[in-house]
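# Tertiary structure, described
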Amino acid sequence: MSQPHPDVLRYGAPFVIGRTVYQALQAAPGLQGAVLRDNPLAAADLKAGGRVLFVEDQADKPRGDQPGQRSRRSYGFSLGVISRVEAAREQAHGDYRVAKRAVLECMPLLTRMGIEIEGGGMAEGEVRYQLENIDVGGALVLGLFTLAYRDPT
């Protein structure tokens, strides 16, 4: 009887990727003083502060598995920046640019944590400037990021 493979990521790759992105934003120079939210549960979570950044899981889906190989998956998340300060639009775009750089630079850490990244790393997709049915009370930049990976288990 074969031994099961050890689970190297106790909470799964999507959680680890999301947590790593959140920690990269916490440490990013240039984002000090901004309120940072991890998967906000209600619109009210986005109301506190003149500068708000948030990360929100969107999807984790299969990408054409091959029999006998580890699962190929794609994890997606939103990165949002809200600014309610003077020159809000300028501030939101500047904060988004800093946040985007921090997100893209955390790939080596994910690899060291046991996540096999495929396709060149994190990719930025569509960027939007409003949230449906939510008045953010300022300027918003909202980007969608995806990461192709192989599940290590």
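Scroll up for the structure.
Residues numbered from 1 in each chain as written. Predicted model: local features only at pLDDT ≥ 70, side-chain atom pairs only at ≥ 80, totals over all residues. Heavy atoms only, no water.

### Observations regarding the environment of Gly33
In plain terms, the rule: Counting from the N terminus, the helices are the DSSP runs of H or I reaching at least four residues and the strands are the DSSP runs of E reaching at least two. Exposure classes here rest on a 1.4 Å probe applied to the protein chains alone. A residue is buried below 20% of its type maximum, exposed above 50%, and partly exposed in between.
Here Gly33 lies in the loop between helix H1 (13-27) and strand S1 (35-38). Its relative accessible area of 72% is what places Gly33 among the exposed residues. Considering only alpha carbons, one finds Gly33 and Gly49, 16 residues apart in sequence, at a separation of 9.1 Å.

### Concerning the layout of surface pockets
Worth spelling out the cut-off: Of the grid points, spaced at 1 Å and generated over the protein atoms alone, those admitting a 1.4 Å probe that cannot get out make up cavities, while open sets with protein on both sides within 12 Å along at least five of seven lines make up pockets; any residue with an atom within 4 Å of a point is treated as lining. Grid points are joined across faces, edges and corners, and a volume is the space filled by probe spheres set on the points. Here the nonpolar group is Ala, Val, Leu, Ile, Met, Phe, Trp, Tyr, Cys and Pro; Asp, Glu, Lys and Arg are the charged ones; every other residue, Gly included, is treated as polar.
Roughly 250 Å³ of internal volume is contained in the largest pocket. Forming the walls of the largest pocket are 15 residues, and the residues nearest its centre are Glu56, Gln58, Ser78, Leu131 and Leu142. Among the secondary structure elements, those contributing two or more residues to the lining of the largest pocket are strand S2 (51-62), strand S4 (116-128) and strand S5 (139-150). For the lining of the largest pocket, the per-class residue count stands at nine nonpolar, three polar and three charged.

### Topic: helix H2 (residues 88-104)
Rules: Multiply 1.5 Å by the residue count of a helix minus one, and that product is the helix's expected span. Contact between two residues is taken to exist if any of their heavy atoms lie within 4.5 Å; hydrogens are not considered.
The end-to-end C-alpha separation of H2 is 24 Å, in line with the 24 Å expected for 17 residues at 1.5 Å each. Taken as a whole, H2 has its buried residues at Ala88, Ala92, Asp95, Tyr96, Val98, Ala99, Lys100, Ala102 and Val103. Tucked inside the fold, the buried residues of H2 contact H1, S2, strand S3 (72-83), helix H3 (107-112), S4 and S5.

### Considering the pattern of salt bridges
Rule in force here: What makes a salt bridge here is a side-chain nitrogen of Lys or Arg within 4 Å of a carboxyl oxygen of Asp or Glu, nothing more.
Counted according to the given criterion, the structure contains seven salt bridges. The shortest N-O distance in the salt bridge between Glu118 and Arg72 comes to 3.3 Å. With Glu118 in strand S4 and Arg72 in strand S3, this pair connects stretches of sequence that are 46 residues apart. Judged by relative accessible area, which is 15%, Glu118 ranks as buried. The structure contains a network of salt bridges with shared partners spanning Arg63, Arg72, Glu116, Glu118 and Arg150.

### Some words on the packing of H1 against H2
Here is the rule we go by: To obtain an axis, a line is fitted to C-alpha atoms, over the contacting stretch when the element is a helix, and the angle between two such axes runs from 0 to 180 degrees between their N-to-C directions. Note on terminology: angles under 35 degrees are roughly parallel, angles over 145 are roughly antiparallel, angles of 65 to 115 are roughly perpendicular, and the others are oblique. Here is the rule for handedness: rotate from the far helix to the near one, and if that takes an anticlockwise turn smaller than a right angle the crossing is left-handed, while a clockwise turn gives right-handed.
With their axes 9 Å apart at the nearest point, H1 and H2 run at an angle of 130 degrees to one another. Relative to H2, the element H1 lies oblique. Pair H1 / H2 crosses with right-handed handedness. Residues Val21, Ala24 and Leu25 of H1 form the contact with H2, whose participating residues are Ala99, Ala102 and Val103.

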